[in-house]
Amino acid sequence: MKILVVGGGGREHAIIRALKKSPACTEIWCAPGNGGIGCDAVCKDIKATDVAAMVAFAKEEGFDYAVVAQDDPLALGMVDALADAGIPAFGPNAAAARIEASKVFSKDLMKKYGIPTAKYETFDDPRAAMAYIRAEGKYPVVVKADGLALGKGVLICQSESEAEAGIKEIMLDKKFGASGNRVVVEEFLTGPEVSVLSFCDGKTVVPMVSSMDHKRALDGDKGLNTGGMGTVAPNPYYTPEIAETCMRTIFAPTVAAMQAEGCPFKGCLYFGLMLTPDGPKVIEYNCRFGDPEAQVVLPLLQSDLLTIMQATTDGTLDKTEVKFADGAAACVILASGGYPLAYEKGKKITGLTDGQLEGAEDVTVYHAGTARKGEALVTAGGRVLGVTATAPTLPQALEKAYAAARRIGFEGAHMRTDIGKRALAALGQ
């Protein structure tokens, strides 16, 4: 089978690496891809959000299957357009992608179907939003832009003045454009966070191994929010008992709710959960694989990813094996100096051969922001590389990942040194 993967970051590289293991996969293309993905797939420079150009290219090349991995093209209806062109694809259609593309839609869905989440209200008037925040008088308070904002449209405001500044930034200054026309104001929940990716075919939901993300730029969960500085899997806070509760109160009810609303969800549904003193609650849904969660979850997958993806498209997930290894995985992100604010590009990357580390067993380097400059591999983004290691235990996986990450260099490279620390504490290690 000839497959097209849409996107160009670390998540897409992890998907491609997993798809390559499938005996049915004979050729993989990635659009737009990046410098390192080019070692594993043929890259084509088409913007992931250019639906018309991507579909025309897919028809012209005669792809058998497509994987739309990014949120923007999913929200823009790329899966719908590919289906109209006769090309089956992994991912939700535009109607189902609203579960991520509109925070208002997802919160209203949870309220209507009794799915546990934070108390909230939605607003399209900044004055009404502030009046509600003042009336509630509880801080911190969470303010979310309704639409997609590259994972950065969520503000945790510690005071009334911070809330005012946040509402102004999102709704008046339009920092996130039209995504900030409406906001969700919700109560601040406490407890361990858990990410659970799941395969869905519209009626069946199969959760993958759980993971723990590290969003802040600096050690000790300090600094600005980023797209994710590292991940570990499985998440030790996510016990079999909690998994059972989540299936009964969150996962199955969400898939049933989407079906009842006439927009059954097919693809990868990401559950961002908070394990509160009152039980697990949904912080957010994503309509695709998380990044960098995919980089620790997919290396533990033992079943054939292409077969599973096709089952989500065909509605046969209940008859398909989905099996994960018992061990652990850890991913450490190497980022450009200054990320998530201003950073320089074009820094030469050393230590890699054909985009990978030689002689590093059970280690994969996923490329997020790299480019080719002649023969050299250079930085081309904020998050540059995700160094993932698998091992029988989490301490071993972390040790391997950090040892590997230290062998790679570029000017201004930055990484957190405490990825997995909270997980180890939860394990008593």
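To be clear, the structure that these remarks concern was listed above.
The residue numbering used here restarts from 1 in each chain and proceeds along that chain's sequence as written. Residues qualify for local features only when their pLDDT is at least 70, as the model is predicted, and side-chain atom pairs are given and counted only at 80 or more; totals for whole chains, interfaces and linings, by contrast, use all residues. To obtain the side-chain values, all non-hydrogen atoms of the structure were used and water was disregarded.

1. A word on the layout of surface pockets
Now for step 1: Each pocket or cavity is described by its volume, and for the second largest pocket that value is around 220 Å³.
Now for step 2: Residues are said to line a cavity or pocket when one of their atoms sits within 4 Å of a point; the points come from a 1 Å grid over protein atoms alone, cavities being sets where a 1.4 Å probe fits but cannot get out and pockets being open sets with protein on both sides within 12 Å along at least five of seven lines. Along its surface, the second largest pocket is lined by A14, R17, A18, K21, L298, P299, D362, V363, T364, Y366, T388 and T390.
Now for step 3: Looking at the lining of the second largest pocket, the elements that each hand over two or more residues are α1 (10–19), β19 (363–367) and β22 (383–391).
Now for step 4: For this classification, the nonpolar set comprises Ala, Val, Leu, Ile, Met, Phe, Trp, Tyr, Cys and Pro, the charged set comprises Asp, Glu, Lys and Arg, and every other residue, Gly included, is treated as polar. Its residues assigned to classes, the lining of the second largest pocket shows six nonpolar, three polar and three charged. Grid points are joined across faces, edges and corners, and a volume is the space filled by probe spheres set on the points. Here a strand is any run of E in DSSP of at least two residues, a helix any run of H or I of at least four, and the numbering for each starts at the N terminus.

2. Some details on a nonpolar patch on the surface
Now for step 1: To count toward a patch, a residue needs a relative accessible area over 30% and no salt bridge; like charges are then connected within 9 Å, while nonpolar side chains (Val, Leu, Ile, Met, Phe, Trp, Tyr) are connected within 5 Å. The Shrake-Rupley method, run with a 1.4 Å probe, gives the accessible areas here. Residue values count only the displayed protein chains as cover. In the sections that follow, a salt bridge refers to a side-chain nitrogen of Lys or Arg positioned within 4 Å of a carboxyl oxygen of Asp or Glu. Taken together, the side chains of V154, I156 and F188 present a nonpolar region at the surface, about 210 Å² in accessible area.
Now for step 2: Among the structural elements, F188 can be located in the loop between β9 (183–187) and β10 (193–201).

3. Things to note about unusual backbone geometry
Of all residues except glycine, most have a negative phi; of all peptide bonds, most are trans.
Now for step 1: Put simply, A233 and P234 share a cis peptide bond, and its omega is -5°.
Now for step 2: Structurally, the position occupied by P234 is in the loop between β15 (230–233) and α9 (240–260).
Now for step 3: Of note in this structure, D221 is not a glycine but carries a positive phi near 55°.
Now for step 4: As for its placement among the helices and strands, D221 is situated in the loop between β13 (216–218) and β14 (222–225).
Now for step 5: Think of it in three bands: residues with accessible area under 20% of the maximum for their type are buried, residues over 50% are exposed, and the middle band is partly exposed, with areas taken using a 1.4 Å probe on protein chains only. The exposure class assigned to D221 is partly exposed, which follows from its relative accessible area of 33%.
Now for step 6: Unusually for a residue other than glycine, D362 sits at a positive phi of about 60°.
Now for step 7: Among the secondary structure elements, D362 is positioned in the loop between β18 (328–335) and β19.
Now for step 8: Judged by its relative accessible area of 41%, D362 is partly exposed.

4. Some thoughts on the sheet that holds β10
Now for step 1: Here a strand pair is declared whenever DSSP counts at least two bridges between the two strands. Spatially, four strands are ordered β11-β10-β16-β17 in an open sheet, and the strand pairing comes out antiparallel. Only two strands of the sheet have a single neighbouring strand rather than two, namely β11 (205–207) and β17 (279–286). Here the average twist between neighbouring strands, direction ignored, is 35°.
Now for step 2: Across seven bridges, the pairing between strand β16 (residues 266–276) and β17 is antiparallel. Across the sheet, residue G272 finds its bridge partner in β17, namely E284.
Now for step 3: When checking whether two residues touch, look at their non-hydrogen atoms; a contact exists if any pair is within 4.5 Å. To define axes, lines are fitted to C-alpha atoms, for helices over the stretch in contact only, and angles between the resulting N-to-C directions are given on a 0 to 180 degree scale. Sheet strands touched by α9: β10, β11, β16 and β17. Its angle to β16, the strand with the most contacts, is close to 130°.

5. Concerning helix α7 (residues 126–136)
Now for step 1: Among the residues of α7, those classed as buried are A129, M130, Y132 and I133. Buried residues of α7, seen end-on, are gathered within an arc of 160° and therefore sit on one face of the element. Exposed residues pointing more than 90 degrees away from the buried face of α7 are listed as R127 and A135.
Now for step 2: Contact partners of the buried residues in α7: β6 (120–123), β7 (141–145), α8 (160–172) and β9. By construction, the arc corresponds to the directions joining the helix axis to the C-beta atoms.

6. What about helix α11 (residues 305–314)?
Now for step 1: Along α11, the positions that sit buried rather than exposed are L305, L306, I308, M309, A311 and T312.
Now for step 2: Looking at the buried side of α11, the elements it contacts are β1 (2–7), α1, β4 (65–68), β5 (89–90), β10 and β16.
Now for step 3: Polar contacts, as counted here, are pairs of nitrogen or oxygen atoms within 3.5 Å of one another; within protein the pair requires one atom able to donate a hydrogen and one able to accept it, and residues that are adjacent in sequence qualify only if both atoms are side-chain atoms. Where α11 begins, one side-chain oxygen reaches toward the backbone nitrogen of L306, 3.0 Å away; that side chain belongs to D304.
Now for step 4: Positive phi shows up at G315, right after α11, with a value of about 80°.

7. Regarding the pattern of salt bridges
Now for step 1: A full pass over the atoms with the stated rule returns 26 salt bridges.
Now for step 2: D201 is the salt-bridge partner of K203, the closest N and O atoms lying 3.7 Å from each other.
Now for step 3: Shared partners join several salt bridges into a network, and the residues in it are D221, R416, D418 and R422.

These figures capture arrangement, not role.
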